[in-house]
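Architecture and fold: a report
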Amino acid sequence: MVKNKFQELQLSALGMGGMRLPVVEGDDARIDEARTAEMVAYAMEHGINYYDTAWGYHNGNSEIVMGKVLRAYPRDSYCLASKFPGYDLSNMDKVEEIFEKQLEKCGVDYFDFYLFHNVCEMNIDAYLDEKYGIFDYLCKQKENGRIRHLGFSAHGEYDIMKRFLEAYGKQMEFCQIQLNYVDWTFQDAKGKVELLHEWDIPIWVMEPLRGGKLAKLPDESEEKLKKLRPDEGIPAWAFRFLQAIPGVTVILSGMSNFEQVADNVKTFETNEPLSGEEMDTLLEAAKDLLGKTLPCTACRYCVDHCPQGLDIPSLLKLYNEHCFTGGGFFAPMALQAVPEEKHPTACVGCRSCEAVCPQQIKISEAMADFTAKLKEG
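Everything in this summary refers to the structure shown in the same document. Predicted model only: the values in this text are computed from it and were never measured.

1. Observations regarding the side chain of arginine 240
The residue arginine 240 is located in helix 10 (residues 234–243) in this model. Reaching out from arginine 240, the side chain makes a polar contact with the side chain of glutamine 243 at a distance of 3.1 Å. Excluding its chain neighbours within four sequence positions, the residues that come into contact with arginine 240 are Arg229, Glu232, Thr267, Thr270, Asn271, Glu272, Pro273 and Leu274.

2. Let's talk about the packing of aromatic side chains
On inspection of all chains with the given rule, the structure shows 25 aromatic pairs. Measuring from ring centre to ring centre gives 5.3 Å for phenylalanine 113 and phenylalanine 174, while their planes differ by 85 degrees; the resulting arrangement is edge-to-face. With a gap of 61 residues between them, phenylalanine 113 in strand 8 (residues 111–119) and phenylalanine 174 in the loop between helix 6 (158–168) and strand 10 (175–178) connect regions that are remote in the sequence. Comparing phenylalanine 113 with phenylalanine 174, the two get one shared label, buried. Each member of the aromatic cluster is reached from another via a ring pair, and the members are Phe84, Phe116, Tyr127, Phe135, Phe152, Phe164 and Tyr168. The ring centre of tyrosine 110 lies 4.2 Å from the NZ or CZ of arginine 75, which sits over that ring. Directly above the aromatic system of phenylalanine 324 lies the positively charged group of lysine 213, at a separation of 5.4 Å from the ring centroid.

3. Brief notes about the nonpolar core
Among soluble globular proteins, nonpolar side chains are generally buried collectively. With 86 residues, the main nonpolar core has Tyr51, Phe116, Leu138 and Leu179 as its most contacted residues. If we skip the residues at most four places from it in the chain, leucine 179 touches Trp184, Ala189, Val193, Ile203, Val205, Met206, Glu207, Pro208, Leu242 and Val248. In terms of nonpolar packing, the next biggest core, distinct from the first, is built from 24 residues, Cys302, Ala331, Ala334 and Ile361 among them.

4. What about the packing of helix 3 (residues 95–106) against helix 5 (residues 134–143)?
For any two helices packed against each other, the geometry comes down to the angle between their axes and how far apart the axes lie. Here helix 3 crosses helix 5 at 35 degrees, and the two axes come no closer than 10 Å. Taking contact as the criterion, the partners of Val95, Glu96, Phe99 and Glu100 in helix 3 are, on helix 5, Ile134, Tyr137, Leu138 and Gln141. Grouping the constituent residues of the contact of helix 3 with helix 5 by class yields 5 nonpolar, 1 polar and 2 charged.

5. Some points on the state of the cysteines
According to the stated counting rule, one finds 0 disulfides in the structure shown. Cysteine 106 takes part in no disulfide bond, and the closest cysteine sulfur, belonging to cysteine 79, lies 14 Å away. A residue is classified by how much of its surface remains accessible, and cysteine 106, at 1% relative accessible area, is buried. Considering cysteine sulfurs only, cysteine 350 is the nearest to cysteine 306, which forms no disulfide, with 6.4 Å between them. Relative accessible area serves as the criterion here: at 16%, cysteine 306 is assigned to the buried category.

Reading the values: the criteria
Residues numbered from 1 in each chain as written. Predicted model: local features only at pLDDT ≥ 70, side-chain atom pairs only at ≥ 80, totals over all residues. Heavy atoms only, no water. Helix = DSSP H or I, 4+ residues; strand = E, 2+ residues; numbered from the N terminus. Polar contact = N/O pair within 3.5 Å; in protein donor to acceptor, adjacent residues only side chain to side chain. Contact = heavy atoms within 4.5 Å. Phe/Tyr/Trp six-rings, centres within 6.5 Å; stacked < 30°, edge-to-face > 60°. Buried < 20%, exposed > 50% of the residue type's maximum accessible area, 1.4 Å probe, protein only. Lys NZ or Arg CZ within 6 Å of the ring centre and 35° of its normal. Core = buried A, V, L, I, M, F, W, Y, C linked by side-chain atoms within 4.5 Å. Axes fitted to C-alpha atoms, helices over the stretch in contact; angles between N-to-C directions. Nonpolar A, V, L, I, M, F, W, Y, C, P; charged D, E, K, R; others polar. Disulfide = S-S within 2.5 Å.

Written out as structure tokens, the structure is:
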């Protein structure tokens, strides 16, 4: 297992995520504890020493099961990470209550790593609001040894991350972002990586396979990759891409079965970052995957012509994300930070924006489809 140095620790480059554990009869709340224990046993045996869970994973049961399974091993043989659930604004005044409950659920006296969960547009104001005392409380727990290392995860835009860092960056020891070869440009992961480099903050990766979307590619793309690395599996390309990014320390994979654990462990037996040619070929494959997204360049000509004052480029960016992912939480979450009168539902279909769009995007149709997709979700 490839190991990366983090302060005094040697962390496995591959970490096991607790968001997509095997379940019973398709019920996300019913984790299959026996299969999870089998996966963890193999992971431990093959050098994985980083395990990530969170308050809300598997309807709140991930912390319980991961904690129980890991108690079969010496406490100093693994690192356990959990997070404060700021993705739900109703939790903001409950930091002490939740933190104490998390320790209890996991059956531990301390967390090796603890994160502000999902810093984004919707919660940044609350996270920075001193009246909730979240930052002060978590720093106090670190002083008391109940948190060994404090960091944050982020799904928000670059500017949101920058704002959080300007407030708390000096105390942040690591940051977890969504990073893969599609989001390198699609969600400006490249810019976020550069921002973290400016702050000298090590990078933890979530969604390296984009929820499984990058486990298989169109035949033409796979053929091009196979010519460069005949023996490399397609999922491994996503990990090799990350091995080429400076600052990446831990790559979390939400593994759902034993086969995925074994396959990923095999990949991380070696560190084989992509060459320049390989990187270019993979990023071209990413462009092909994104080919059906709307080609908005954020020129903002449309904004001046919208009678509703909608931030059309931002809405189109969320629409592209929602379509590419096939739904999910990201777009609905981001829209929580937008006044309702500025949602896609506010589009009146006047097409004034379309008259000035250099890309000739049918914006009114996109807004109507976005509205329908959000209702379906």
